[in-house]
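Okay, here's what each chain looks like letter by letter:
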Amino acid sequence: MAESTEEVAVLVQRVVKDINNAFKRNPHIDEIGLIPCPEARYNRSPIVLVENKLGVESWCVKFLLPYVHNKLLLYRQRKQRLNKDELIDVTCTLLLLNPDFTTAWNVRRWVLQQLIQENSLPTFVKKENLATFPTERVQRIVQEEVEVCGEAAGRYPSNYNAWSHRIWVLQHLAKLDIKILLDELSSTKHWASMHVSDHSGFHYRQFLLKSLISQTVTDSAILEQSPLVSEHISDLPKDDNEEDTSAEHHRVVDLSHLLEEEVELSTDLIDNYPGHETLWCHRRHVFYLQHHLNNKLPHSQMRLSPVDSNGGTLNDLNLSPAVTHMTQAMDVDGLNDSNKQGYSQETKRLKRTPAQDSLGIEMEHRFIEQILSTCRNVEQARFANAYRKWLVTLSQ
Amino acid sequence: MKLYSLSVLYKGNSKAILLKAAYDVSSFSFFQRSSVQEFMTFTSQLIVERSEKGSRASVKEQEYLCHVYVRNDNLAGVVIADNEYPSRVAFTLLEKVLDEFSKQVDKIDWPVGSPATIHYAALDSYLSRYQNPREADPMTKVQAELDETKIILHNTMESLLERGEKLDDLVSKSEVLGTQSKAFYKTARKQNSCCDIM
């Protein structure tokens, strides 16, 4: 049945209105889904409302999606005007039909930025000469966004868009606040353990650890400059709007303990869920970070890039060694934005102190041996061997 | 990692008879749940029909893994899981369930049973508990009896079929699948993906 453009436009406008009316009638709609239905029934709306579930019959999608997509593009290109209601209808419809639509995530980020900018309330609080940390309002927004990302991540394996958005939120809204980073690390642990082949989820944990390293160093550099800072921390008055004292935001992060815990997590998952490459890639990243934390060579500037993992974005880590008495301090030249990274094929050249390095590497080799001697999964053996080869290249 | 269904069946001479089943279709879109459930029943029966007595197999189909255990007494169990769920735990679960079932339900009822007539209520709680493989079975490593090398691996459903048999035909002839499910199958098949809506 060929539809003329006018018929299509009329049909689509009716459907978009039906969707909007459904939301108005039932503000508690918590799910939207596609109803497999190849043909339209005469003069019946493709929009179905059952309990709190909104259904869209599949036959109308091939008309609906291109139409609203096109409308949104024209609006963005400023070739067509849409009032606020129309914009809401269009983006709503689009997001319902295709939650993984990249432009929709971009629009969301744009809206968040507007939200932060247009409101004159401060988003970050400065306390004397200490670093800033986020207000309760920002924390709430961050929490909401993180929940949206979590929902989206569960719908779709390795949902790159959802996890990238989560990273963006931590970087631009939360400004890599240490407490938020730590909370995210602990709250995503269970999820990652139950999604052992979700590469994006594990990449997020790598991002958190790297950010903690860079942020800890920044804070400790500030703390160092201010010899009386520790007194100031305990004197700070508690503000009603703040849920934590600034001391919490400046606690010493035990980086090596965090990395050890991550290695334990990796070991536990690899043991219990054999044959998932994501877990082995994650181990490489974590071992790599640990390796650098333990490394205390004074002179060489090292430029290193982690080994490739399946299609995830990579972070280049520019590290130069520590010069202070603090065991975990390192000058971090700059932690590059993970979103801007391209895939680098540099091999790693390390200079190391014999003692710490060989102990770590030795333990890894023992771990590999244990896996190879007990595993009955072909893939697991393959990954273990590849990991062993990678370790060997590290020490060359 | 997820479990979607757990079923107990009887492998008859020509057909597999569903005795009892539990499903978790909560992760599927509301309007697709009934079709998905029908498909899981269809798949479970088909797999049991095409598996030998006294065998264990894992059948891969897209992002799902169907684990089947057919005992020598023709009692069979099928677990449909995703590809993250450890298969070792799935087979432990099957062993446990079939053992318990055979003690609670009389053998004489198996060849003529149906979910309505069979009295065995534990499947739902097993399915729910085993969603987290570690909570359910902390001793998953201790599997002395299970020889994993004997588990047959099938990379597609097609490899279970006889020569010349087509899955499409089996679907259209099936009594287990309703009209909407069959329509759903047709569209999904054409696009080769269940997420694709165009």
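Residues numbered from 1 in each chain as written. Chains lettered and ligands numbered in written order. Predicted model: local features only at pLDDT ≥ 70, side-chain atom pairs only at ≥ 80, totals over all residues. Heavy atoms only, no water.

Caption draft 1: Local environment of the overall build of chain A. Counting its secondary structure elements, chain A contains 15 helices and 8 strands. Per-residue burial for chain A yields a buried fraction of 50% across its 396 residues. Counting contacts in chain A only where the partners sit at least 6 residues apart, residues at least 24 apart contribute 66% of the total. With the model as given, the accessible surface of chain A reaches about 20,700 Å², and the carbon-plus-sulfur share is 52%. (Helix = DSSP H or I, 4+ residues; strand = E, 2+ residues; numbered from the N terminus. Buried < 20%, exposed > 50% of the residue type's maximum accessible area, 1.4 Å probe, protein only. Contact = heavy atoms within 4.5 Å. Areas by Shrake-Rupley, 256 points an atom, 1.4 Å probe, with all protein chains shown as cover.)

Caption draft 2: Highlighting the packing of helix 12 (residues 255–272) of chain A against helix 13 (residues 277–294) of chain A. Residue and element names in this part refer to chain A. For the pair helix 12 and helix 13, the least separation of the axes is 10 Å and the interaxial angle reads 155°. Comparing the axis directions of helix 12 and helix 13 gives the class roughly antiparallel. Taken as a pair, helix 12 and helix 13 cross one another with a handedness that is left-handed. Here Leu255, Ser256, Leu259, Glu260, Glu262, Val263, Ser266, Thr267, Leu269 and Ile270 of helix 12 come into contact with helix 13, specifically with Leu279, Trp280, His282, Arg283, Val286, Leu289, Gln290 and Leu293. A per-class count over the contact of helix 12 with helix 13 returns 10 nonpolar, 5 polar and 3 charged. (Axes fitted to C-alpha atoms, helices over the stretch in contact; angles between N-to-C directions. Parallel < 35°, antiparallel > 145°, perpendicular 65-115°, else oblique. Left-handed = near helix turned anticlockwise from the far one by under 90°. Nonpolar A, V, L, I, M, F, W, Y, C, P; charged D, E, K, R; others polar.)

Caption draft 3: A look at the side chain of A:Arg166. Considering the arrangement of structural elements, one finds A:Arg166 in helix 6 (residues 160–173). With sequence-adjacent residues up to four places away left out, A:Arg166 is seen in contact with A:Val146, A:Cys149, A:Gly150, A:Glu184, A:Ser187, A:Thr188 and A:Tyr204.

Caption draft 4: How the structure looks around the sheet that holds strand 3 (residues 53–57) of chain A. Residue and element names in this part refer to chain A. Pairing within the open sheet is mixed, and its 3 strands lie in the order 1-3-2. What marks the edges here is a single partner per strand, and that holds for strand 1 (31–35) and strand 2 (47–50). Going from strand to strand, the sheet's axes swing by 25° on average, the running direction of each strand aside. Against the sheet, helix 1 (residues 5–25) contacts strand 1, strand 2 and strand 3, and its axis sits at roughly 15° relative to strand 2. (Pairing = 2+ DSSP bridges.)

Caption draft 5: The interface of chain B and chain A, seen in detail. Every contact between the two is made by 25 residues of chain B and, on the other side, 32 residues of chain A. Each partner contributes to the roughly 2,300 Å² buried at the junction of chain B and chain A, and carbon and sulfur atoms together form 59% of this total. One can count 1 salt bridge joining chain B with chain A. B:Arg134 is paired through a salt bridge with A:Asp268; the nearest N and O atoms lie 2.6 Å apart. Across the contact surface, chain B and chain A share 5 residue pairs in polar contact (both at pLDDT 80 or more). At 3 residues, the largest contribution of residues to the side of chain B that touches chain A is made by helix 6 (residues 179–191) of chain B. Tallied by class, residues from the side of chain B that touches chain A come to 11 nonpolar, 8 polar and 6 charged. (Buried area = accessible area lost by both parts, 1.4 Å probe. Salt bridge = Lys/Arg side-chain N within 4 Å of Asp/Glu carboxyl O. Polar contact = N/O pair within 3.5 Å; in protein donor to acceptor, adjacent residues only side chain to side chain.)

Caption draft 6: Geometry of the UniProt feature "domain: Longin" (unreviewed entry) in chain B. The residues that UniProt annotates with the feature "domain: Longin" (unreviewed entry) are residues 8–127 of chain B. Between the first and last C-alpha atoms of residues 8–127 of chain B the distance is 12 Å; the span itself is 33% helix and 28% strand. (UniProt positions renumbered as here; feature names shortened; annotations may be inferred.)

Caption draft 7: Summary view of the side chain of A:Gln206. Residues and elements named next belong to chain A. Assignment of secondary structure puts Gln206 in helix 9 (residues 199–225). Of note is the side chain of Gln206, whose polar atom sits 2.9 Å from the side chain of His282. Leaving out residues up to four positions away in the same chain, Gln206 has contacts with His282 and His285.

Caption draft 8: Local environment of the environment of A:Lys62. Within the secondary structure, A:Lys62 is located in helix 2 (residues 61–76). Polar contacts involving the side chain of A:Lys62 include one to the main-chain carbonyl oxygen of A:Trp59, which spans 3.4 Å.

Caption draft 9: Geometry of the environment of B:Val59. All names here are of chain B. Secondary-structure assignment places Val59 in strand 3 (residues 55–61). A C-alpha to C-alpha distance of 14 Å links Val59 and Phe42, two positions 17 residues apart in sequence. What Val59 contacts, discounting residues up to four positions off in sequence, is Ile47, Tyr64, Leu65, Cys66, His154, Thr156, Met157 and Leu160.

Caption draft 10: Highlighting the nonpolar core. Grouped together as the largest cluster of nonpolar side chains are 53 residues, with contacts concentrated most on B:Leu6, B:Phe101 and B:Tyr120. Those residues within four positions of B:Tyr120 in sequence are excluded, and the remaining contacts are B:Lys20, B:Val97, B:Glu100, B:Phe101, B:Gln104, B:Val105 and B:Tyr126. Counting 35 residues, the second largest nonpolar core, distinct from the first, contains A:Val138, A:Ile167, A:Leu176 and A:Ile180. (Core = buried A, V, L, I, M, F, W, Y, C linked by side-chain atoms within 4.5 Å.)

Caption draft 11: Expanded view of the pattern of salt bridges. All names here are of chain A. On inspection of all chains with the given rule, the structure shows 15 salt bridges over all chains. Residues Glu151 and Arg155 are paired through a salt bridge, measuring 3.1 Å at the closest nitrogen-oxygen approach. Of the two residues, Glu151 and Arg155 are both situated in helix 5 (residues 136–155); the distance of 4 residues between them amounts to about one turn of the helix. Both residues of the pair, Glu151 and Arg155, belong to the exposed class.

Caption draft 12: Geometry of the confidence of the model for chain B. Residue and element names in this part refer to chain B. Per-residue pLDDT for chain B averages 89, and the proportion of residues at 70 or more is 90%. Looking across chain B, the model is least confident in helix 6, with a mean pLDDT of 76, and most confident in strand 1 (residues 3–11), with 98. Every residue in residues 193–198 is under pLDDT 50, and counting partners more than four places away or in other chains gives 13 contacts. (pLDDT = per-residue confidence, 0-100.)

Caption draft 13: Structural view of the pairing of strand 2 (residues 16–23) of chain B. Residues and elements named next belong to chain B. Alignment of strand 1 against strand 2, held across 7 bridges, turns out to be antiparallel. Bridge assignment links Val8 to a residue of strand 2, and that residue is Lys20. The hairpin turn running from strand 1 into strand 2, its antiparallel successor, is 4 residues long.

Caption draft 14: Molecular detail of unusual backbone geometry. The phi dihedral of A:Lys175 is positive, around 50°, even though this residue is not glycine. Following the sequence through the fold, A:Lys175 ends up in the loop between helix 6 and helix 7 (178–187).

Caption draft 15: Fine view of the sheet that holds strand 4 (residues 64–70) of chain B. Residue and element names in this part refer to chain B. Strand order across the open sheet formed by 6 strands is 2-1-5-4-3-6, with mixed pairing between neighbours. The open sheet terminates on both sides in strands that have one partner only, identified here as strand 2 and strand 6 (152–154). Between one strand and the next, the sheet's axes are offset by a mean angle of 20°, whatever the strand orientation. In this structure, strand 3 lies alongside strand 6, joined through 3 bridges in parallel fashion. Across the sheet, Ala57 pairs through a bridge with Ile152, a residue of strand 6. This element, helix 2 (residues 87–104), spans strand 1, strand 2, strand 3, strand 4 and strand 5 (75–82) of the sheet and lies at about 145° to strand 5.

Caption draft 16: Examining the pairing of strand 3 of chain A more closely. Residues and elements named next belong to chain A. The element strand 3 is largely enclosed, with a buried count of 5 among its 5 residues. Residue alternation in strand 3 divides its side chains into two sets, Lys53, Gly55 and Glu57 and Leu54 and Val56, and both sets are buried. As paired strands, strand 1 and strand 3 are joined by 5 bridges and run parallel to one another. Bridge pairing links Glu31 to Lys53 in strand 3. Bridge count for strand 2 against strand 3 is 4 bridges, and the pairing is antiparallel. Its bridge partner being in strand 3, Leu49 is matched across the sheet by Leu54. Taken together, strand 2 and the strand that follows it, strand 3, pair antiparallel across an intervening segment of 2 residues, in which Glu51 is found at a positive phi of about 50°.

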